[in-house]
Amino acid sequence: MNIVNFNKKALAWALLPLIMLAGCSQKTSNGLTAASNLKKLGIEEKNLDRIDSLLATALINNWMAGATALVAVNGKVIYDKGFGFRDREYKALMRPTTEFRIASMTKPIVTAAALTLVEDGKLNLSDKVSKYIPEFANAQVLASFNEKDTSYTTVPANKEITIEDLMTHTSGIGYGFADKRLKLIYQKNKIPDLASADSIFVLDKMKALGKLPLGVQPDSKFYYGLGIDVLGAVIEVASGKKLDEYVTDRILKPLGMADTHFFLPGEKRFRLAVLYKELPSGRLERVAPITDGYNVNFPIAGARTYFSGGSGLSSTVEDYAKFLQMILNKGSFNGKQILKPETVAQMTSNQIGELNVGQNKFGLGFEITTAAGAKNGAKAGKLSWGGIFNTTFWIDPERKSIAILMTQVYPAIHKAQLFDQFEQLVNDALDR
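Parameters and conventions
- Residues numbered from 1 in each chain as written.
- Predicted model: local features only at pLDDT ≥ 70, side-chain atom pairs only at ≥ 80, totals over all residues.
- Heavy atoms only, no water.
- Helix = DSSP H or I, 4+ residues; strand = E, 2+ residues; numbered from the N terminus.
- Rg over C-alpha atoms; globule rule 2.2 N^0.38 Å.
- Buried < 20%, exposed > 50% of the residue type's maximum accessible area, 1.4 Å probe, protein only.
- Contact = heavy atoms within 4.5 Å.
- Areas by Shrake-Rupley, 256 points an atom, 1.4 Å probe, with all protein chains shown as cover.
- Lys, Arg positive; Asp, Glu negative; His and termini not counted.
- Charge placed at Lys NZ, Arg CZ, Asp CG, Glu CD.
- pLDDT = per-residue confidence, 0-100.
- Salt bridge = Lys/Arg side-chain N within 4 Å of Asp/Glu carboxyl O.
- Core = buried A, V, L, I, M, F, W, Y, C linked by side-chain atoms within 4.5 Å.
- Arc of directions from axis to C-beta.
- Phe/Tyr/Trp six-rings, centres within 6.5 Å; stacked < 30°, edge-to-face > 60°.
- Lys NZ or Arg CZ within 6 Å of the ring centre and 35° of its normal.

Draft legend 1. Focus on the overall build of the protein. Within the protein, the secondary structure is distributed over 11 helices and 20 strands. Here the C-alpha atoms of the protein give a radius of gyration of 21 Å, agreeing with the 22 Å that 2.2 N^0.38 yields for 432 residues. Seen along its three principal axes, the alpha-carbon backbone of the protein occupies a region of about 60 × 50 × 45 Å. Each of the 432 residues in the protein was classed as buried or not, and the buried ones make up 57%. Counting only contacts in the protein whose residues sit at least 6 apart along the sequence, the fraction spanning at least 24 positions is 70%. With an accessible surface of roughly 17400 Å², the protein has 51% of that area assigned to carbon and sulfur atoms. Charge centroids of the protein, computed over 52 positive and 43 negative side chains, lie 4 Å from each other.

Have a look at this one:
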């Protein structure tokens, strides 16, 4: 077992943040630019220093090996730093250009890509998924399940799943890691929960998924799962392009997100952060390349053929900020209109009716904070989501701000504590 020893010399390096303000041109009208004067934005630098202290403390406590964080207000970057190590064993330092497996932070980007097809008239939110993947017709829902032999009984679904159901996680399609019944069924049928390095294709796997039972009835609850992977396969059918090509052409390239990829180019493989796991003993351990059948190095290894719409992208904190700023700008960024304002309005308003995500709502790609669900100084209307490997973001329309924190830890015992404190400190800095 490879346990990391965090010596005093390493600690000294970890406490020296690598600071690099976003280097966008000052001439852009609604892109991201470095803030030249914090006081003009009403920001005191000493309040941002408290974020430094939090992240340094998290390093000392072994909550993570390293992190990058970015905060922007009115399109001006006020905080953009890397702390600690991308690879702690080799003392490779974390930088704002470090690549992270962003897992479910892929979902809002792929949802946005699908919505460009809606704008083009090639897709409708009310379309049945079976129009594009016939295997989803006549869906069945689990009624009983025998864990010993994975046999089950089903009842007919009460409706056909639509494109909107996929985007809002109300389709009844679940994740194996969240539902033990589905985990065993998916394993038996070789359906991956996450991105894969195997020589497989998303459309083939989603066709196979369409023949398997749903976990719950469609529209009965917010039920997190493989719906955006199915949406990625729909994009391939509706566009006639592979998902990576379509997402790059319609979202990544227009936004200038040159460091966001389904699989990292060879020259960027050494920018990928190492994935660690936090142990109850208070130590960090480097995660083995193959863990529970999952290849954690999928972005730099394997066949490079499985484009997971739900978890396949890797990105940097600075690249992802461009996507969030576009949403905050109602679809525009750096002089380009990526999505129509009315499309972004749909994405950022309640699309699940009386259903709930905890105390919050969900739009198309984003959780929407309600007054009842607001915490850590957040405002109602905050848009957010995160990734399983310990990455998170939010968009705050009222404060006209965005914030991102990326680490690579799974499982992460202190995830909630770190994220809550980060959010509180960012909001305090913007409000003081």
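Draft legend 2. Here's a closer look at the confidence of the model for the protein. When pLDDT is averaged along the protein, the result is 94; 93% of the residues meet or exceed 70. Considering only residues more than four positions removed or in separate chains, one finds that residues 1–6, a stretch of pLDDT under 50, has 22 contacts. Confidence drops under a pLDDT of 50 for residues 17–29, and excluding neighbours within four residues, the segment shows 29 contacts in the predicted structure.

Draft legend 3. Seen up close, the pattern of salt bridges. Applying the stated criterion across every chain yields a total of 21 salt bridges. Here Arg 286 makes a salt bridge to Asp 87, at a shortest N to O gap of 2.9 Å. Pair noted here: Arg 286 is in strand S10 (residues 284–286) and Asp 87 is in strand S4 (residues 76–87), with a separation of 199 residues, a long-range link. One salt bridge in this structure joins Lys 382 and Glu 423, with 2.8 Å as the shortest N-O distance. Of the two residues, Lys 382 sits in the loop between strand S17 (367–368) and strand S18 (383–387) while Glu 423 sits in helix H11 (residues 415–431), which places them 41 residues apart along the sequence. Relative accessible area serves as the criterion here: at 11%, Lys 382 is assigned to the buried category.

Draft legend 4. Here's a closer look at the nonpolar core. Among the nonpolar cores identified, the biggest contains 102 residues, and Ile 163, Ile 173, Leu 209, Tyr 320 and Phe 323 are the most heavily contacted of them. At eight residues, helix H9 (residues 317–328) tops the list of elements feeding residues into this core. If sequence neighbours within four positions are ignored, Ile 163 has contacts with Leu 123, Asn 124, Leu 125, Asp 127, Val 129, Tyr 132, Leu 231 and Val 234. Leu 48, Tyr 79, Val 274 and Val 426 belong to the second-largest nonpolar core, a separate cluster that totals 34 residues.

Draft legend 5. Quick look at the environment of Val 357. Mapped onto the elements of the fold, Val 357 is located in the loop between helix H10 (341–347) and strand S16 (361–362). For Val 357, a relative accessible area of 13% puts it in the buried group. When near neighbours in sequence (up to four residues on either side) are disregarded, Val 357 contacts Phe 222, Ile 352, Phe 362 and Glu 367.

Draft legend 6. Quick look at helix H5 (residues 180–188). Where H5 is concerned, the buried positions are Leu 182, Ile 185 and Tyr 186. When H5 is viewed along its axis, its buried side chains cluster within an angular range of 100 degrees and face the same direction. Those residues of H5 that are exposed and angled more than 90 degrees off the buried face are Lys 180, Gln 187 and Lys 188. Among the structural elements, strand S7 (140–146), strand S8 (151–156) and helix H6 (202–210) are those in contact with the buried residues of H5. Lys 190 lies just past H5 and shows a positive phi near 60 degrees.

Draft legend 7. A look at the packing of aromatic side chains. What the rule picks out here adds up to 16 aromatic pairs. Taking 6.2 Å as the distance between ring centres and 85 degrees as the angle between the ring planes, the aromatic pair formed by Phe 389 and Tyr 410 counts as edge-to-face. Placement of Phe 389 in the loop between S18 and strand S19 (391–396) and of Tyr 410 in the loop between strand S20 (401–406) and H11 is noted, with a sequence separation of 21 residues between them. Assessed through its relative accessible area of 3%, Phe 389 is described here as buried. The structure contains a cluster of three or more aromatic residues connected by ring pairs, namely Tyr 175, Phe 177, Phe 222, Tyr 224, Phe 362 and Trp 385. Of note, Arg 269 hangs over the ring of Phe 270, and the distance from its end group to the ring centre comes to 5.6 Å.

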